[in-house]
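Residue-level structural notes
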Amino acid sequence: MLQVEKQAEPHHQEAACTFNCSEQVEDAIRTTVQTKRIRVSEFFQDFDRLRSGFITKSQFIRCLDQNLNIKLTPDDYYSLTEKYAIQGNMVNYKLFCDFIDQVFYHNDVSSDPSTRLIPPHKYLGTIRSVRPLSSSSEYQLQALLERLQRYYQFRGISLRKCYEDFDKHHVGLITVSQFFRSFPGPPDLEQSEIEFLAKKYEDPKRPHLLNYLNFHQDVQNFRKGCIDASKDMLQPLLLKEPALPEHTLEEILEKVRAIVFRNGIRTTEFFKDHDKLRSGFITENQFICGLSMAVGRQAQLCRKEILRLAEHYRQQDGRVAYKDFCNQVEKGTF
């Protein structure tokens, strides 16, 4: 009697191991099916003309391997077929499909159904859609994303809108060339930094395709304050503007005059679109934006110098007299 009990223990352990392994495989299959929006039963019914709910083991494995394009190991196939096998060489595929497509835990009927949901595995921001980087590269990425988030928030740019036209099937993937073509980066962003972003958001399973939704989500997380890394840790890594010598107001105006005279720039054209009534006054943000577009890059004006000009021409009501500025830089003498 003792020998029989000892012989039964390994069989019981093997059955428990098979059941646990099959649950892990089913979770992986459920994640793939939900990602690809696949109806699992449709593929098995081709082998079940009488709709009996049973097919052979070889047909069951063929559906998973070829039709669903799910690659499993021989041990995974064995654990699944053993769990859903009946007498002989048949497999109950309907029971398998019901378990894959289920939304609730069917064993628990005493609690609220809304608390028994089977949560789907996340796709964005996980290893399923993002290539992992080293710790130093991740710190560099977060500093770069914070720069981009400030630029996008100031100009009201939505990354998702920039790339949606290339994503005809709304799967969140675009080509590398499309990413570079429509990248809405600031003018001072280097080419190497854009290539670094392309490397980060390249899809791990489909080469030469980028998941722009991950990029959009990371930028939004900075805006919402959902990034766990502390600000003190990221502060030394932020790419700061190089230290420039202090210039007086007249020296700043002189730089602007030189660029306006040399390139024949009509500065009023960059401000009057914000002044529908031609009053000669616009808001401070509109003045900063117009000045940056007009001569900010050519005159190599830093943000501190632009703010100094805005402060000089600011009126008591907070608006900026852009006409006075334009008259001084366009009609000034050298």
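What counts as what
Throughout this description, residue numbers start from 1 for each chain and increase along the sequence as written. Note on the predicted model: pLDDT of at least 70 is required for a residue's local features to be given, and 80 or more for side-chain atom pairs to be given and counted; whole-chain, interface and lining totals, by contrast, use all residues. Heavy atoms throughout the structure, all of them, feed into the side-chain values; hydrogens and water do not. All axes here are fitted lines through C-alpha atoms, helices being fitted over the stretch that makes contact, and every angle between N-to-C directions spans 0 to 180 degrees. Starting at the N terminus, helices and strands are each numbered in turn, a helix being any DSSP run of H or I of at least four residues and a strand any DSSP run of E of at least two. Convention used here: angles under 35 degrees read as roughly parallel, angles over 145 as roughly antiparallel, angles from 65 to 115 as roughly perpendicular, and any remaining angle as oblique. Crossing handedness follows the turn of the near helix against the far one: under a right angle anticlockwise gives a left-handed crossing, and clockwise gives a right-handed one. Here, two residues are considered to be in contact whenever any of their heavy atoms come within 4.5 Å of each other. Lys, Arg, Asp and Glu make up the charged group, whereas Ala, Val, Leu, Ile, Met, Phe, Trp, Tyr, Cys and Pro make up the nonpolar group; the residues left over, Gly among them, are polar. Whether a residue is buried, partly exposed or exposed follows from its accessible area with a 1.4 Å probe, protein chains only, as a fraction of its type maximum: under 20%, in between, or over 50%, in that order. The salt bridge definition used is simple: a Lys or Arg side-chain nitrogen within 4 Å of an Asp or Glu carboxyl oxygen. To pair, rings of Phe, Tyr and Trp, with the six-membered ring standing in for Trp, must have centres within 6.5 Å; the planes then decide the type, stacked if under 30 degrees apart, edge-to-face if over 60, and tilted in the middle. Either the NZ atom of lysine or the CZ atom of arginine qualifies as a charge over a ring when it sits within 6 Å of the ring centre and within 35 degrees of the ring normal. For a helix, the expected span equals 1.5 Å multiplied by the number of residues minus one. Any N or O atom pair separated by 3.5 Å or less is treated as a polar contact, with the protein-specific requirement of one donor-capable and one acceptor-capable atom, and with residues adjacent in sequence counted only for side-chain atom pairs. Buried residues of nine kinds, namely Ala, Val, Leu, Ile, Met, Phe, Trp, Tyr and Cys, make up a nonpolar core once their side-chain atoms join them within 4.5 Å. Of all possible arcs, the one meant is that of the directions from the helix axis to the C-beta atoms.

1. Remarks on the packing of helix H12 (residues 249-263) against helix H15 (residues 322-330)
Between two packed helices, the angle of one axis relative to the other and the distance separating the axes together describe the packing. For the pair H12 and H15, the least separation of the axes is 8 Å and the interaxial angle reads 70°. What the angle tells us is that H12 and H15 run roughly perpendicular. Handedness of the H12/H15 crossing: right-handed. When H12 is examined against H15, the residues Leu253, Val256, Arg257 and Val260 are found in contact with a partner set consisting of Phe325, Gln328, Val329 and Glu330. Here the contact of H12 with H15 is composed, by residue class, of five nonpolar, one polar and two charged.

2. Side note on unusual backbone geometry
Backbone geometry places Arg51, a non-glycine residue, at a positive phi of 55°. Within the secondary structure, Arg51 is located in the loop between helix H2 (40-44) and strand E1 (54-56). Classification of Arg51 by relative accessible area gives partly exposed; the value is 43%. Even without being a glycine, Gln300 presents a positive backbone phi close to 55°. Mapping Gln300 onto the fold places it in the loop between helix H13 (284-296) and helix H14 (303-312).

3. Focus on the packing of helix H6 (residues 135-155) against helix H9 (residues 191-200)
Packing of H6 against H9 leaves a shortest axis separation of 11 Å and a crossing angle of 115°. In terms of orientation, H6 and H9 fall into the roughly perpendicular class. Remark: the crossing between H6 and H9 carries left-handed chirality. For the pair formed by H6 and H9, the contact residues are Ser137, Glu138, Gln140, Leu141, Leu144, Leu145, Arg147 and Leu148 on the first element and Glu193, Phe196, Leu197 and Lys200 on the second. Classifying every residue of the contact of H6 with H9 gives six nonpolar, two polar and four charged.

4. Some thoughts on the pattern of salt bridges
Scanning all chains against the criterion turns up 15 salt bridges. Overlapping salt bridges bring together Arg147, Asp188 and Glu193 as one network.

5. Digging into the packing of aromatic side chains
Taken as a whole, this structure holds 18 aromatic pairs when the rule is applied. Ring centres of Tyr163 and Phe179 lie 5.7 Å apart, and the angle between their planes is 10°; this geometry places the pair in the stacked category. Taken together, the positions of Tyr163 in helix H7 (residues 159-163) and Phe179 in helix H8 (residues 176-181) put the pair 16 residues apart, joining distant regions of the chain. Each of the two residues, Tyr163 as well as Phe179, counts as buried. Taking the ring centre of Phe99 as reference, the NZ or CZ of Lys83 above it sits at 4.7 Å. A cation sits over an aromatic face here: Arg303 above Phe154, 5.6 Å from the ring centre.

6. What about H13?
Compared with an ideal rise of 1.5 Å per residue, which puts 13 residues at 18 Å, H13 spans 15 Å between its outermost C-alpha atoms and falls more than 12% short. Buried residues along H13 sit in contact with H6, H12, strand E5 (281-282), H14, strand E6 (320-321) and H15.

7. Considerations on the side chain of Asn92
With respect to the helices and strands, Asn92 occurs in strand E2 (residues 90-92). Residue classification places Asn92 among the buried residues on the basis of a relative accessible area of 19%. Within the local environment of Asn92, its side chain forms a polar contact with the backbone nitrogen of Leu95, the two atoms lying 3.2 Å apart. Contact partners of Asn92, with chain neighbours within four places excluded, come to Gly53, Phe54 and Tyr84.

8. Side note on the nonpolar core
Among soluble globular proteins, nonpolar side chains are generally buried collectively. Counting 24 residues, the largest nonpolar core has Phe271, Phe287, Leu291, Val295 and Phe325 as its most contacted members. Ignoring any residue separated from it by four or fewer positions in sequence, one finds Val295 in contact with Val256, Ile259, Val260, Ile265, Gln300 and Leu301. Leu144, Leu148, Tyr152 and Leu197 belong to the second-largest nonpolar core, a separate cluster that totals 23 residues.

9. Observations concerning the environment of Phe180
Examined against the element boundaries, Phe180 turns out to sit in helix H8. The exposure class of Phe180 is partly exposed, given its relative accessible area of 30%. Separated by 15 residues in sequence, Phe180 and Glu195 have C-alpha atoms that sit 8.5 Å apart. Residues in contact with Phe180, not counting those within four places in the same chain, are Gln191, Ile194, Glu195 and Ala198.

10. Here we look at helix H3 (residues 57-67)
Buried within H3 are the following residues: Gln59, Phe60, Cys63 and Leu64. The arc enclosing the buried residues of H3, seen along the axis, measures out at 135°, which places them on a common side.

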